Amino acid sequence: MRKFAAFAVFVFATVLFALPAPAWAVEHKGINVNGVDIVADDDHIVACGNGTAKYDPTTGVLTLTNAKITKGTGYITTQCGIESGRDMSLNIVLVGENTTILPISATSGDSADGTCGDITISGPGSLEVTSSQVAPNAINAYNSLTIKDGARVTVRTESSCAINAQNGSVNIINGAHVEATSAGDYGFAVSALQPSGDTKDNDIVVSGKGTYLKASSAKAAVNADNPTLYAGNDLVLEDGAVI
């Protein structure tokens, strides 16, 4: 039943990322933040409420400083507060208190070394994500997703998965504090899917002293076949971390 559930979710996720061939033939190397392609922007700074998002083209780091994200655009999907093009990953550093009412998504990556389509979120600041959209998931990585280094991340979704790695692992490490809630009829709180035939590690890893994960799912409360945490392979809790 567990593998069947994984396959069903994979089919649903595949549909979300499907586009006609002409659209996929175009390179997407931008990052949309609060309605603006911050990579193409002249100074790589986007106003987000009273805060800012700043992109460093040398390091590829996107720094959110007291950002309030309320506007959505997207390359592959629509209405994402932050979304990378399919030839990019997201490396987000949090400073101060940051919020978005729209999902954060790293779309499909085609690089030979598989480095695109990842999301990394690090501290020392905080991020609150609230989403009522069915797709994409509130924080959705096409490959792996890592939250680390004291980042404080709270995610609540009404209709989808709160935190999802579509083709890789979810890593909550090095003192990160994460709270993930899926309040709708569909979706795990945290999921690391393993598509049919995939041989990669698809784990949920919670590791390191001071690391904390709190998760809840409305679906899991009424259906044992839809757990709060879903790992295609292993759930790893180690080195003093707490779930």
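Residues numbered from 1 in each chain as written. Predicted model: local features only at pLDDT ≥ 70, side-chain atom pairs only at ≥ 80, totals over all residues. Heavy atoms only, no water.

**Examining the environment of asparagine 164**
Next, step 1: Structurally, asparagine 164 is set in strand β16 (residues 163–165).
Next, step 2: Taking C-alpha positions, asparagine 164 is 9.7 Å from serine 105, a pair spaced 59 residues apart along the chain.
Next, step 3: Residues in contact with asparagine 164, not counting those within four places in the same chain, are Asn137, Ile139, Asn140, Ala141, Leu145, Ser191 and Leu193.
Next, step 4: A polar atom in the side chain of asparagine 164 sits 2.8 Å from the side chain of asparagine 140.
Next, step 5: Of note is the side chain of asparagine 164, whose polar atom sits 2.6 Å from the side chain of serine 191. (Helix = DSSP H or I, 4+ residues; strand = E, 2+ residues; numbered from the N terminus. Contact = heavy atoms within 4.5 Å. Polar contact = N/O pair within 3.5 Å; in protein donor to acceptor, adjacent residues only side chain to side chain.)

**A closer look at the pairing of strand β5 (residues 61–65)**
Side chains on a regular strand alternate between the two faces of the sheet.
Next, step 1: Here strand β4 (residues 51–56) runs beside β5; their pairing, made up of five bridges, is antiparallel. Bridged to threonine 52 within β5 is threonine 65.
Next, step 2: Linking β4 back to β5 in an antiparallel pair, the connection comprises four residues, with glycine 60 at a positive phi of about 75°.
Next, step 3: Pairing of β5 with strand β8 (residues 90–95) involves five bridges; the strand directions are parallel. In the sheet register, leucine 64 faces β8, and the bridge partner there is leucine 94. (Pairing = 2+ DSSP bridges.)

**Re the sheet that holds β16**
Next, step 1: Within the open sheet, the eight strands sit side by side as β2-β1-β7-β10-β13-β16-β19-β22. Their pairing is mixed. Sheet topology places β2 (36–37) and β22 (229–231) at the edges, where each strand pairs with a single neighbour.
Next, step 2: With three bridges joining them, strand β10 (residues 104–106) and strand β13 (residues 139–141) adopt parallel strand pairing. Considered in β13, the bridge of isoleucine 104 is made with isoleucine 139.

**A look at the nonpolar core**
Next, step 1: Ile82, Ile121, Val153 and Ile163 are the most contacted members of the largest nonpolar core, which totals 46 residues.
Next, step 2: Considering every element that reaches this core, the biggest residue donor is β8, with three residues.
Next, step 3: Those residues in contact with isoleucine 82 that sit more than four places away from it in its chain are Ile31, Asn32, Val33, Leu62, Leu64, Ile69, Leu90, Ile92, Pro103, Ile104 and Ser105. (Core = buried A, V, L, I, M, F, W, Y, C linked by side-chain atoms within 4.5 Å. Buried < 20%, exposed > 50% of the residue type's maximum accessible area, 1.4 Å probe, protein only.)

**Considerations on the side chain of threonine 157**
Next, step 1: Tracing the backbone through its elements, the reader meets threonine 157 in strand β15 (residues 152–157).
Next, step 2: Within polar-contact distance, the side chain of threonine 157 engages the backbone oxygen of serine 131 at 3.5 Å.
Next, step 3: Not counting residues up to four positions away in its chain, the partners in contact with threonine 157 are Ser131, Gln133, Ala138, Ala162, Thr181, Ser182, Ala183 and Gly184.

**Considerations on the confidence of the model for the protein**
Next, step 1: This prediction gives the protein a mean pLDDT of 83; 77% of its residues lie at or above 70.
Next, step 2: Every residue in residues 1–26 scores below 50 in pLDDT, and together they form 39 contacts with partners more than four places removed in sequence or on other chains. (pLDDT = per-residue confidence, 0-100.)

**Quick look at the sheet that holds strand β14 (residues 145–148)**
Next, step 1: With respect to topology, nine strands assemble into an open sheet ordered β3-β4-β5-β8-β11-β14-β17-β20-β23, the strand pairing being mixed. Edge positions in the sheet fall to β3 (45–48) and β23 (235–238), since each has one partner strand and no second. This sheet shows a mean twist of 15° between the axes of neighbouring strands, independent of strand direction.
Next, step 2: As paired strands, β14 and strand β17 (residues 170–173) are joined by three bridges and run parallel to one another. Residue threonine 146 lies in a different strand from β17, and its bridge partner there is asparagine 171. (Axes fitted to C-alpha atoms, helices over the stretch in contact; angles between N-to-C directions.)

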